[in-house]
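Survey of secondary and tertiary structure
Listed below are the residues making up each chain.
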Amino acid sequence: MLKLGIPLPLTGTNAKFGEIEKKSYEIAMQEINAKGGIKGKKIVLEFEDSQGKPEVARSIVERLVDVKKQPVVFGEYSSSCSKAIAAVAEERKVPYLVVTGATDDITQQRYKYVFRLNPTNAYYATGLMSFLNTVVKPKTIAILYESSDFGTSGAEDMVHQAKKAGMQVLVKEQYEKGAVDFRPILSKVKAAKPDVIYMVSYVMDAALLMRQIKELRIDSKLYAGGAAGFAIPEFIQNAKEASELVMTATLWSPQIAYPGAKEFAEKYKKLYKDYPSYHGAEAYSALYVIRDALTRAKSWKPDDIRVALRSTNMITAFGPVRFQDKEGYTNQNFMDTLVMQVIKGKHETIWPEKYASAKYVYPIPKWRERR
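The following refers to the structure shown. Please read these numbers as outputs of a predicted model, since none were measured by experiment.

The subject of this paragraph is helix α5 (residues 126-136). One turn of an α-helix holds 3.6 residues; hence residues three or four places apart share an orientation. Of all the residues in α5, the buried ones are Gly 127, Leu 128, Met 129, Phe 131, Leu 132, Val 135 and Val 136. Contacts made by the buried residues of α5 are with α6 (149-164), β8 (196-200), β9 (222-225), β10 (247-250), β15 (338-343) and β16 (346-351). Lys 137 sits one or two positions beyond α5 and adopts a positive phi of about 55 degrees.

Below, the structure written as C-alpha cells:
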C-alpha cells in the first residue's frame, strides 16, 4: 500500500475548487488501482484540509515530509498555499508537483525540487489574446481583479499583454475577495467605455460582477474572465442570464481531444452530475504524472523521484506534460491555452478554432438588445 497525503481547501472560500480536485484525484486513484497500482502497490489518498490558508498548508506538508516521510508532495489549489508548500519542499529537498497554483514566481525561484503541471498566469490569456487580436481588435481595456496573488499577477500579466497588443488600459481596479457591491468600481468602467472588460476573479465574485454589469447596462465589445471562477459551471449557475456570451481563458475543456480527456469528463459527469472544470483535469492528470515518475524512478527516494520528474514526457487528459527550463522558469510545463464562451447557458470551446466545439458569437449584442 502507498499512502499519499494531499493538502486541499475542503472548507473555506476555495472549498468548491478543493472538492472538484478531490473528486478528480479519487477517479484517477480508482483507475490506477484497477490496473495494479504503482509497482504493485495500491494507492491510498489521504486528503488534509488546508482551509485555503498558507500557514495550514505549510504545516500539513511539514508533517507529511518530516513525520510520515512522504518522498513526493503534490496538491493544493491557490497560489499562496502552493508558494508556502514550494518553500518547504525546496528546504526539505523533497519534490513538489504544483497542480493549480498559477502565480508566475512559483517556478521563477530556480527551485530544483518544485515542478509545475499547469501553465502560469502569464500564459493563461495567450489563447484569449489570440482571439482578441484576430477577431475583436480592441483599442481599450478595463482590468478588474481580486487582491490575491493569483488576481494580482493575472492583472499585471494582462497589462503587459495589452500594451504589447497596442491596447490602452483605461481602468485597472483591485477589489477585496468577497465584496458584495462592485458598483463604485463598475461606475468607473461605465464612464471609461472600454472595448473589453477583463476580470480575474473566483466564482462568487465573477458571478456578482457580471450580474451587476448587466444591471448597470455596461456595454462592451467583450466581457472576459481570466479563467478561475469564470471557467467552472457554478459561474453560469450563479450569474444566470448575465453569464451569456461571456468569454473566459481556460487551460482545458471537456471537449478537448487529448487522450482520455473525454472519458474522464464523462465519468466525472456521471458521478457528480456536471462536467469538471480544468482544475479537475489538472488533479486527475497530476496523479498520473506521479504514477509515471514513481514507475520510472530508480528508487522512491526524493532525489530519484526528482530525477524521474525532470525527464517526464507524456500526454495526459490535461494535455502534454514536459518540465522545461525556459523564459525564466524552472521545471515548468508549457502548453496551449484555450478560450470558452457561454453559449445558450453552456460553456463551449471557441478558440483556437482547431479545438472549437462551437462557433464563437461575436459581435455581442448590447444589453438592451437582448431578450
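Still more to cover.
Our next topic: the environment of Thr 120. Relative to the helices and strands, Thr 120 is located in the loop between β5 (114-116) and α4 (121-124). By relative accessible area, which is 0% here, Thr 120 ends up buried. For the pair Thr 120 and Gln 332, spaced 212 residues apart in sequence, the C-alpha to C-alpha distance is 8.4 Å. Apart from residues no more than four positions distant in its own chain, Thr 120 is found in contact with Ala 102, Asp 104, Thr 107, Tyr 329 and Gln 332. A polar contact of 2.9 Å, which involves the side chain of Thr 120, links it to the side chain of Asp 104.

On to empty space enclosed by the protein. Counted according to the given criterion, the structure contains 2 cavities of 30 Å³ or more. The space that makes up the largest cavity amounts to roughly 70 Å³. Tyr 77, Ser 78, Ser 79, Thr 100, Gly 101, Ala 102, Tyr 124, Phe 150, Tyr 202, Ala 228, Tyr 278 and His 279 together form the lining of the largest cavity. Taken together, the residues that form the lining of the largest cavity break down as 7 nonpolar, 5 polar and no charged. Here the second largest cavity is characterised by a volume of approximately 60 Å³. Every residue along the wall of the second largest cavity is listed here: Asn 121, Ala 122, Tyr 124, Ala 125, Gly 154, Asp 157, Met 158, Gln 161, Tyr 198, Val 200 and Gly 226.

So, about the environment of Leu 170. Looking at the secondary structure, you find Leu 170 in strand β7 (residues 168-175). Between the C-alpha atom of Leu 170 and that of Ala 308, which follows or precedes it by 138 residues, the distance is 47 Å. For Leu 170, the contacting residues outside a window of four places in its chain are Thr 140, Ile 141, Ala 192, Lys 193 and Pro 194.

Moving on: the sheet that holds β15. Across the sheet, 7 strands lie side by side as β7-β6-β8-β9-β10-β15-β16; this open sheet has mixed pairing. Two strands close off the open sheet at either side, each with one partner strand: β7 and β16. If you compare each strand with its neighbour and ignore which way they point, the axes differ by 25 degrees on average. Against the sheet, α6 touches β6 (140-146), β7 and β8, its axis set at about 165 degrees to β6.

This part takes up the pairing of strand β14 (residues 329-333). Here β14 lies mainly inside the structure; 5 of its 5 residues are buried. Pairing analysis gives 3 bridges linking strand β13 (residues 323-326) to β14, with the strands arranged antiparallel. Residue pairing for β14: Gln 324 is matched across the bridge by Gln 332. Joining the antiparallel neighbours β13 and β14 is a turn of 2 residues, in which Glu 327 adopts a positive phi near 55 degrees.

How each quantity is defined
- Residue indices follow the written sequence of each chain, beginning from 1 at its first position.
- Reporting of local features is limited, given that this is a predicted model, to residues whose pLDDT is at least 70; pairs of side-chain atoms are given and counted only at 80 or more, and all residues count toward the totals for whole chains, interfaces and linings.
- For side-chain calculations, the full set of non-hydrogen atoms in the structure is used, while hydrogens and water are omitted.
- To sort residues, take the accessible area from a 1.4 Å probe on protein chains only and compare it with the maximum for the residue type: under 20% means buried, over 50% means exposed, and anything in between is partly exposed.
- Here a helix means four or more residues in a row that DSSP labels H or I, a strand means two or more in a row labelled E, and each is numbered from the N terminus.
- In this description, contact between two residues means that some pair of their heavy atoms is separated by no more than 4.5 Å.
- Any pair of nitrogen or oxygen atoms within 3.5 Å is treated as a polar contact; in protein, a donor-acceptor pairing is required on top of that, and neighbouring residues in sequence qualify only through side-chain atoms on both sides.
- Two kinds of site are reported from a 1 Å grid over the protein atoms alone, namely cavities, where a 1.4 Å probe fits but cannot get out, and pockets, open sets with protein on both sides within 12 Å along at least five of seven lines, and residues are called lining when an atom falls within 4 Å of a point.
- Grid points are joined across faces, edges and corners, and a volume is the space filled by probe spheres set on the points.
- Residue classes follow a fixed rule: Ala, Val, Leu, Ile, Met, Phe, Trp, Tyr, Cys and Pro count as nonpolar, while Asp, Glu, Lys and Arg count as charged, and any other residue, Gly among them, counts as polar.
- Being paired, for any two strands, means DSSP has found at least two bridges between them.
- Angles run from 0 to 180 degrees between N-to-C directions of axes, and those axes are lines fitted to C-alpha atoms, restricted for helices to the stretch in contact.

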